Amino acid sequence: MKILYAKDYESMSRKAANIISAQVILKPNCVLGLATGSSPIATYRQLIQWYDKGDIDFSACSTVNLDEYCGLPKDNEQSYAYFMYENFFRHINIRMENTNIPDGMNPDADAECRRYNGVIRDLGGIDLQLLGIGHNGHIGFNEPGGAFEKETHCVSLTRQTIEANKRFFDRIEDVPTKAYTMGIKSIMNAKKILLVASGESKSDILYRMATGPIEPGVPASILQLHNDVTVVADEPALKALLANAPEMVSGLPESRKSFSDMAMAMK
Ligand code: F6R
């Protein structure tokens with residue numbers, strides 16, 4: 001696992017966008033796995049800017065999103081389909097028929113999960129999967145305690161996740177309680193993984209993800225077993241790693257490096 005330092009959210013987003021951009025340039029017909037949430041918003045914004053300048057072309061790309069709430073139609077402002085359209089797809093030249101998101105309105109969970117696994121398989125798998133991380137270590141909506149060997153499945157969201165997501169809804173009762181999500185197995189099958197994290201509230205979980213035991217209690221800890229994971233995190237999110245395992249963080253500026261050397265020497 002490579003962990004890259006970024007000074008702040010904007011710099012984290014530029015670095016992440018650079019990695020995605022390189023993927024699209026090297027393989028124009030690549031399959032991008034995408035995420036929603038606050039963490040990747042400025043990454044998408046940066047990619048849109050480069051697209052506007054003519055530096056990146058999404059016309060041959062396909063996308064598969066990690067997850068979708070059950071019971072929200074695509075035109076509901078809180079659905080992940082709406083999020084992706086508003087924050088990314090409508091600004092670039094991706095063909096909408098090449099974008100894929102679980103259908104939250106399909107009441108037949110087994111059929112929907114089977115369909116979505118088939119979509120990923122028929123595309124030949126995911127070249128680069130973008131992830132955020134939940135405060136409890138979830139990736140996608142794979143909550144603590146879930147099995148590592150699952151592909152797309154239907155989950156009940158934990159109280160903590162519902163609490164974290166209520167900021168997007170008028171009332172907590174409006175937050176859906178179920179979602180379709182790619183499973184850990186689907187994520188681990190991606191050829192490359194890029195995880196973005198910002199803010200001090202992610203510091204402890206990033207530390208546990210990167211250094212702790214690999215256990216279902218911290219779903220993201222499984223990423224230690226993937227052979228091509230890049231984490232791009234800003235300084236607040238790296239607080240615990242910089243204090244306790246600074247040698248794991250690459251790309252520190254010179255001023256920060258001497259500070260980490262000191263921390264290591266004092267250990
Ligand atoms: C989003 C997703 C979630 C988020 C995670 C972090 O598609 O699957 O796992 O990545 O909840 O969310 P933010 O970025 O809002 O902190």
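About the cut-offs
- Residue positions are counted from 1 within each chain, in the order its sequence is given.
- Local features in this predicted model are restricted to residues whose pLDDT is 70 or higher, and side-chain atom pairs enter the listing and the counts only when it is 80 or higher, whereas totals over whole chains, interfaces and linings include all residues.
- To get the side-chain values, all heavy atoms of the structure are used, and hydrogens and water are removed first.
- For two strands to pair, DSSP has to find at least two bridges joining them.
- Going along the chain from the N terminus, every DSSP run of H or I of four or more residues is numbered as a helix, and every run of E of two or more is numbered as a strand.
- Lines fitted to C-alpha atoms define the axes here, with helix axes fitted over just the stretch in contact, and angles between the N-to-C directions of these axes take values from 0 to 180 degrees.
- To form a nonpolar core, buried Ala, Val, Leu, Ile, Met, Phe, Trp, Tyr and Cys residues must be joined to one another through side-chain atoms within 4.5 Å.
- Working definition: with a 1.4 Å probe on protein chains only, accessible area under 20% of the residue-type maximum means buried, over 50% means exposed, and in between means partly exposed.
- Directions pointing from the helix axis toward each C-beta atom define the arc.
- Two residues form a contact once any of their heavy atoms are found within 4.5 Å.
- Residue polarity is assigned by list, with Asp, Glu, Lys and Arg as charged and Ala, Val, Leu, Ile, Met, Phe, Trp, Tyr, Cys and Pro as nonpolar; anything else, Gly included, falls into the polar class.
- A single heavy atom is enough: if one lies within 4 Å of a molecule or strand, its residue is considered near that molecule or strand.
- Definition of a polar contact: a pair of N or O atoms within 3.5 Å, with one able to donate and the other able to accept a hydrogen when the atoms are protein atoms, and with sequence-neighbouring residues admitted only if both atoms are side-chain atoms.
- Calculation of accessible area relied on Shrake-Rupley with a 1.4 Å probe; when residues are assessed, cover is drawn exclusively from the protein chains displayed.
- Angles are sorted into four bins: roughly parallel if under 35 degrees, roughly antiparallel if over 145, roughly perpendicular if 65 to 115, and oblique for all others.
- By the definition used in this description, the sense in which the near helix is turned from the far one sets the handedness, with an anticlockwise turn below a right angle giving left-handed and a clockwise turn giving right-handed.

Turning our attention to the sheet that holds strand β4 (residues 67-69). Consider a sheet: its strands pair through backbone hydrogen bonds, and that pairing is either parallel or antiparallel. Read from one edge to the other, the open sheet built from three strands follows the order β4-β8-β7, with strand pairing classed as antiparallel. In this open sheet, the two edge strands, each paired with only one partner strand, are β4 and β7 (153-156). Averaged over all pairs of adjacent strands, the angle between their axes in this sheet comes to 25 degrees, without regard to strand direction. Sheet analysis places β4 next to strand β8 (residues 178-181), joined by three bridges and oriented antiparallel. Residue pairing in the sheet places Glu68 in a bridge with Tyr180 of β8.

What follows covers the nonpolar core. Counting residues in each nonpolar core, the largest one holds 38 residues, and the members touching the most others are Leu195, Leu206, Leu223 and Leu238. Considering every element that reaches this core, the biggest residue donor is helix α7 (residues 203-211), with four residues. Among the nonpolar cores identified, the runner-up in size contains 29 residues, and Ala6, Leu47, Met84 and Ile94 belong to it.

Before going further, it helps to examine α7. Three- or four-residue spacings in an α-helix give side chains the same orientation, since the helix completes a turn every 3.6 residues. Listing the buried residues of α7 in full gives Ser203, Ile205, Leu206, Met209 and Ala210. All buried residues of α7 fall inside an arc of 165 degrees around its axis, so they share one side. Buried positions along α7 lie against β1 (2-6), β9 (192-197), β10 (229-234) and α8 (239-244).

Turning our attention to the packing of helix α2 (residues 41-52) against helix α3 (residues 80-87). As a packed pair, α2 and α3 sit with axes 10 Å apart at the nearest point and diverge in direction by 40 degrees. Contacts between α2 and α3 involve Ile41, Tyr44 and Ile48 on the former and, on the latter, Phe83, Met84 and Asn87. Counted by class, the contact of α2 with α3 contains five nonpolar, one polar and no charged residues.

Positionally, Asn117 belongs in helix α4 (residues 109-122). On the basis of relative accessible area, Asn117 is assigned to the buried category, the value being 11%.

Turning next to the site of the ligand. In the vicinity of the ligand, 14 residues are found, and the nearest of them are Ser39, Asp67, His138, Gly140 and Lys202. A distance of 2.7 Å separates an oxygen atom of the ligand from a polar atom in the backbone of Gly140. For the ligand, the protein covers 92% of the area, taking 410 Å² as the surface of the free molecule. Looking at the shell around the ligand residue by residue, the class counts come to three nonpolar, eight polar and three charged.

With that out of the way, let us pick up the environment of Ile101. One can find Ile101 in the loop between β5 (99-100) and α4. When the C-alpha atoms of Ile101 and Tyr80 are compared, they prove to be 7.9 Å apart, with 21 residues separating the residues in sequence. Beyond its immediate sequence surroundings of up to four residues, Ile101 is in contact with Asn65, Asp67, Glu68, Tyr80, Ala81, Met84, Phe89, Arg115 and Tyr116.

This paragraph deals with the packing of helix α1 (residues 9-26) against α2. Two numbers describe how α1 lies on α2: the axes approach to 8 Å, and their chain directions differ by 55 degrees. With respect to α2, the element α1 is oriented oblique. The way α1 lies across α2 gives a crossing that is right-handed. Within the contact between the two elements, α1 uses Tyr9, Glu10, Ser13, Arg14, Ala16, Ala17, Asn18, Ile20 and Ser21 and α2 uses Ile41, Ala42, Thr43, Arg45, Gln46, Leu47 and Trp50. When the residues that make up the contact of α1 with α2 are grouped by side-chain class, the tally is eight nonpolar, five polar and three charged.

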